[in-house]
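# Structural characterization, general
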Amino acid sequence: MSADRVAAGPCFDLPEPDAFTRPYWDAAGEGRLLIRRCGGCGRAHHYPREFCPYCWGEDVAWERASGRATLYTWSVVHRNDLPPFGDRVPYVAAVVDLAEGPRMMTEVVECAHGDLRIGMGLTVMFREAGEEAVPVFRPGR
């Protein structure tokens with residue numbers, strides 16, 4: 001995190017990469033969404049973990065996701081006092097089903113709130129967040 005960001009006070013939308021998640025954040029910075037897939041049971045999962053949450057196997061590897069998803073549920077947030085979210089309201093906090101299977105918490109952007117529909121097709125895009133990029137989704141496939 002830059003010295004300017006630290007001096008500005010806490011910011012609650014910045015990821016904190018570690019050695020394990022660094023490939024995920026590096027890929028996001030290059031416009032690629034990664035998930036993890038288990039070599040034992042074959043299931044994909046997200047958020048990144050060093051083990052499979054289904055079979056507890058440790059034979060898991062990074063895999064590039066297609067970037068396609070469908071909207072599972074959402075909430076339009078009208079008030080959030082944590083920086084920098086207060087400057088973004090209203091925004092759409094959402095859960096999406098990735099085409100590969102896992103569910104992911106995210107934000108839906110570039111969509112009028114009245115146009116949101118369960119099951120609508122979404123495509124990943126990336127928003128800069130400090131020195132990293134975070135995946136968000138917009139309508140379309």
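First, a word on scope: everything that follows refers to the structure included in this document. (Residues numbered from 1 in each chain as written. Predicted model: local features only at pLDDT ≥ 70, side-chain atom pairs only at ≥ 80, totals over all residues. Heavy atoms only, no water.)

Enumeration over the complete set of coordinates arrives at zero disulfides. No disulfide involves Cys-41; its nearest neighbouring cysteine sulfur is the one of Cys-52, lying 3.6 Å away. For the unlinked cysteine Cys-55, the closest cysteine sulfur is that of Cys-38, found at 3.6 Å. (Disulfide = S-S within 2.5 Å.)

As a further point, take the pairing of strand E1 (residues 34-38). Most of E1 is tucked away, with four of its five residues classed as buried. Relative to strand E3 (residues 60-64), E1 runs antiparallel, the two being bridged by five bridges. In the strand pairing of E3, Leu-34 is matched with Arg-64. Bridge count between E1 and strand E2 (residues 44-45): two bridges; the pairing is antiparallel. Residue Arg-36 lies in a different strand from E2, and its bridge partner there is His-45. Between E1 and E2, which pair antiparallel and follow one another directly, the connecting turn spans five residues, one of which, Gly-42, has a positive phi of 85°. (Buried < 20%, exposed > 50% of the residue type's maximum accessible area, 1.4 Å probe, protein only. Helix = DSSP H or I, 4+ residues; strand = E, 2+ residues; numbered from the N terminus. Pairing = 2+ DSSP bridges.)

Its location among the elements puts Pro-102 in the loop between strand E5 (91-98) and strand E6 (103-108). Since its relative accessible area comes to 4%, Pro-102 is described here as buried. Note: C-alpha distance between Pro-102 and His-45 (57 residues apart in sequence) is 5.1 Å. Filtering out sequence-adjacent residues up to four positions away, Pro-102 remains in contact with Ala-44, His-45, His-46, Val-96 and Asp-97. (Contact = heavy atoms within 4.5 Å.)

It is worth spelling out the pattern of salt bridges at this point. Considering all chains together, one arrives at eight salt bridges under this definition. One salt bridge connects Asp-81 with Arg-79, and the closest N-O pair in it is separated by 3.4 Å. The exposure classification of Asp-81 matches that of Arg-79, with both residues exposed. Beyond isolated ion pairs, a larger network of salt bridges with shared partners links Arg-22, Asp-26 and Glu-132. (Salt bridge = Lys/Arg side-chain N within 4 Å of Asp/Glu carboxyl O.)

Ranked by size, the top nonpolar core spans 24 residues in total, and within it Leu-33, Leu-71, Val-96, Leu-98, Val-108, Leu-122 and Phe-137 carry the most contacts. Of all the secondary structure elements, the ones that give two or more residues to this core are helix H2 (22-29), E1, strand E4 (68-77), E5, E6, strand E7 (121-129) and strand E8 (132-139). Per-element accounting of this core gives the leading share, four residues, to E5. For Leu-98, the contacting residues outside a window of four places in its chain are Leu-33, Ile-35, Arg-68, Ala-69, Met-104 and Phe-137. (Core = buried A, V, L, I, M, F, W, Y, C linked by side-chain atoms within 4.5 Å.)

Geometry only, nothing functional implied.
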